Amino acid sequence: MACFREDCDICLELGDRREYAIANSNVGSIYLSQGDYSKAVACFEVQKQISKEMGDKRAYSIAMGNMGIAYVEQGDFENGMACYEERKQISQELGDKRGYAIAMGNMRNVYKNLGEYDKAMHCYEEQRQNSREMGDTRAYPTIAGSIGNVYFNLGDYPKAKASYEEQMQIALEAGNKRAQAIALSNISSWYFELGDFPAAIPYFDKQRQISSELGDRRGISLALSNMGALFYHQKQFSKSMNCFDEAILIGKDLKISFDLCQYLYGKAELLFVLENYDSAKSIVQEALGIANELNRQGIIFDCSILENKLLALENGAESLKRLKAMLETERDLERKAKLHYTICQINQSIEHRQIALNLYQKLYDKNSKYDYRMKIEELNAEPKRSRKK
């Protein structure tokens, strides 16, 4: 960061606006990787403005793409998509197939996050065709894996598995170790989400091994976090804690806030199950603080649920009041199911129990994930008393 900052100062002194724009882009990319999205946007805005003044459309389109990423990471999909759309149009005008493919890739990620899988699949197919025309074999594994993710979200598990295996085969043929690690992560997650935990373990192990060979510490931390979640579901809590602790250590060392808040939440959930409530409260507050800074809505929601479960141990009425307030504004089906389920856990409400059961059944009918199946079995069983401190 210091070197790029120095580059900015030198370019400014020399009046070299083109290099100044490039230096700001480099600084913005670092802020982006650190999760400081507002500063990243400010840097990319400088790059955009200078590129526009100089008539450099290619550099301008790159700046728009980078700004789009920063907006999307903050949950601002509208501005993010506007940036991606502008990059796509400019790239098309310039005949820049690579820029066009990148823009399409960014757009399909947003569609996927919004649950618009048909639109996402269209982007993937167009991106794959574009990559073939360019002879860009490096993009093939990523596209195959992404198509697999869409199939998985649509509940078409055989096609999802086939796409992940295609991703692995392409990566092996190309000798692309990083792509192999990603493919292994996808295959292991496929087994994990369907509840076949023993089958997932060797893939997570191999992912961590390849990441170690590459010196990819972030990849190692991701594998460790996934293994922590896997051991948690197997009730191997000691192994789970070790994995989360190692992942958190790497996350803090690398200052990868985006991943760190996820690792911290995983550990806090585990501490809650182990009835170490004081530690769980401290860790979940740390995770929530980071998630709020990054506007990671999924983690914010999960942390808020856990905070209210902890609050219920001391003040059930206040906890229920907050959860019901969350329920009033929530539109996402899975989150609504989780809220009704949590309320039912706290006060044994028959009404919320039935609503949660109906919602999880509806989710399971579309996507037979292990978690949905377990929730349905639990909600169909005899009610359990809520945990007391």
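Now for a description of the structure that goes with this document. Quick caveat: nothing in here was measured; it's all calculated off a predicted structure.

What follows concerns the overall build of the protein. Counting secondary structure elements, the protein contains 20 helices and 0 strands. For 389 residues, the compact-globule estimate of 2.2 N^0.38 gives 21 Å, and the C-alpha radius of gyration of the protein, at 23 Å, lies within 12% of that figure. Viewed in the frame of its principal axes, the protein has a C-alpha envelope of about 70 × 45 × 40 Å. Counting all 389 residues of the protein, 48% fall into the buried class. A fraction of 50% describes how many contacts in the protein between residues 6 or more apart in sequence connect residues 24 or more apart.

Its place among the elements puts Q169 in helix α9 (residues 157-174). The sequence separation of Q169 and Q180 amounts to 11 residues, and the corresponding C-alpha distance is 8.5 Å.

Taken as a whole, the second largest pocket spans an internal volume of roughly 240 Å³. K281, E307, L310, L311 and E314 are the residues nearest the centre of the second largest pocket, which is lined by 12 residues in total. Where the lining of the second largest pocket is concerned, the elements lending two or more residues are α15 (277-294) and α16 (297-312). Across the lining of the second largest pocket, the residue classes tally to 4 nonpolar, 2 polar and 6 charged.

Moving on: the side chain of S51. Examined against the element boundaries, S51 turns out to sit in helix α3 (residues 37-54). Owing to a relative accessible area of 4%, S51 belongs among the buried residues under this scheme. Of note is the side chain of S51, whose polar atom sits 2.7 Å from the backbone oxygen of Q47. Apart from the residues lying within four places of it in its own chain, the contact partners of S51 are D56, A59 and Y60.

In a pair of packed helices, the angle between the axes and the distance between the axes together describe the arrangement. Contact pair helix α18 (residues 333-347) / helix α19 (residues 350-366): the axes reach a minimum separation of 8 Å and the direction vectors enclose 150°. Between α18 and α19, the interaxial angle falls into the category roughly antiparallel. Helix-helix and strand crossings are classified by hand; for α18 and α19 the assignment is left-handed. Of α19, the residues touching α18 (which contributes L333, E334, K336, A337, K338, H340, Y341, I343 and C344) are H352, R353, I355, A356, L359, Y360, K362 and L363.

Along helix α20 (residues 370-380), the residues classified as buried are Y370, Y372, K375, I376 and L379. Contact partners of the buried residues in α20: α10 (177-193), α11 (197-214), α12 (217-233), α18 and α19.

The next thing to look at is helix α14 (residues 257-273). Taking 1.5 Å as the rise per residue, α14 with 17 residues should run 24 Å; its terminal C-alpha atoms sit 25 Å apart, in good agreement. Counting buried positions along α14 gives 13 out of 17 residues, so the element sits mostly inside the fold. E275, located one to two residues past α14, shows a positive phi value of around 65°.

At a closest axis distance of 8 Å, the pairing of helix α6 (residues 97-113) and helix α7 (residues 117-134) adopts a crossing angle of 160°. As judged from the angle between their axes, α6 and α7 are roughly antiparallel. Viewed along their axes, α6 and α7 form a crossing whose handedness is left-handed. Listed contacts from α7 to K97, R98, Y100, A101, M104, G105, M107, R108, N109, Y111 and K112 of α6 are Y117, K119, A120, C123, Y124, E126, Q127, N130, E133 and M134. Per-class residue counts for the contact of α6 with α7 are 10 nonpolar, 4 polar and 7 charged.

With that settled, the discussion passes to the pattern of salt bridges. Tallied over the full model, the rule gives 19 salt bridges. Linking K161 and E165 is a salt bridge whose minimum nitrogen-to-oxygen distance equals 3.5 Å. Here the residue K161 and the residue E165 both occupy positions in helix α9, the gap between them amounting to 4 residues, near one helical turn. Overall, the relative accessible area of 14% leaves K161 in the buried class. Owing to a relative accessible area of 42%, E165 belongs among the partly exposed residues under this scheme.

What follows covers the environment of I220. Structurally, I220 is set in helix α12. Look at I220 and you get buried, because its relative accessible area is 16%. When sequence neighbours within four positions are dropped, the list of residues in contact with I220 reads R208, S211, S212 and I250.

This paragraph deals with the side chain of Q47. By the element assignment, Q47 lies in helix α3. Contact partners of Q47, with chain neighbours within four places excluded, come to A21, S25, A59, I62, A63 and N66.

Two measures describe an aromatic ring pair: the distance that separates the ring centres and the angle between the ring planes. Following the criterion strictly, the structure yields 9 aromatic pairs and no others. Seen from their ring centres, W190 and Y191 are 5.1 Å apart, and the 85° between their planes marks the pair as edge-to-face. The pair W190 / Y191 is uniform in exposure class, with both members buried. Between Y191 and Y203, the ring centres sit 5.7 Å apart and the planes meet at 25°, which makes this aromatic pair stacked. Of this pair, Y191 sits in helix α10 while Y203 sits in helix α11; the two residues are 12 residues apart in sequence, bridging distant segments of the chain. Judged by relative accessible area, Y203 falls into the partly exposed class, the value being 26%. Joined through ring pairs, the aromatic side chains of W190, Y191 and Y203 make up one cluster. Its guanidinium or amino end placed over the ring of W190, K161 lies 4.6 Å from that ring's centre, counting from NZ or CZ. For R296, the ring lying beneath its charged end belongs to F258, and the centroid distance is 3.9 Å.

Rules and cut-offs
- Residues numbered from 1 in each chain as written.
- Predicted model: local features only at pLDDT ≥ 70, side-chain atom pairs only at ≥ 80, totals over all residues.
- Heavy atoms only, no water.
- Helix = DSSP H or I, 4+ residues; strand = E, 2+ residues; numbered from the N terminus.
- Rg over C-alpha atoms; globule rule 2.2 N^0.38 Å.
- Buried < 20%, exposed > 50% of the residue type's maximum accessible area, 1.4 Å probe, protein only.
- Contact = heavy atoms within 4.5 Å.
- 1 Å grid on protein atoms, 1.4 Å probe; cavity = no way out; pocket = protein on both sides within 12 Å on 5 of 7 lines; lining within 4 Å.
- Points joined across faces, edges and corners; volume = space filled by probe spheres on them.
- Nonpolar A, V, L, I, M, F, W, Y, C, P; charged D, E, K, R; others polar.
- Polar contact = N/O pair within 3.5 Å; in protein donor to acceptor, adjacent residues only side chain to side chain.
- Axes fitted to C-alpha atoms, helices over the stretch in contact; angles between N-to-C directions.
- Parallel < 35°, antiparallel > 145°, perpendicular 65-115°, else oblique.
- Left-handed = near helix turned anticlockwise from the far one by under 90°.
- Expected span 1.5 Å × (residues − 1).
- Salt bridge = Lys/Arg side-chain N within 4 Å of Asp/Glu carboxyl O.
- Phe/Tyr/Trp six-rings, centres within 6.5 Å; stacked < 30°, edge-to-face > 60°.
- Lys NZ or Arg CZ within 6 Å of the ring centre and 35° of its normal.

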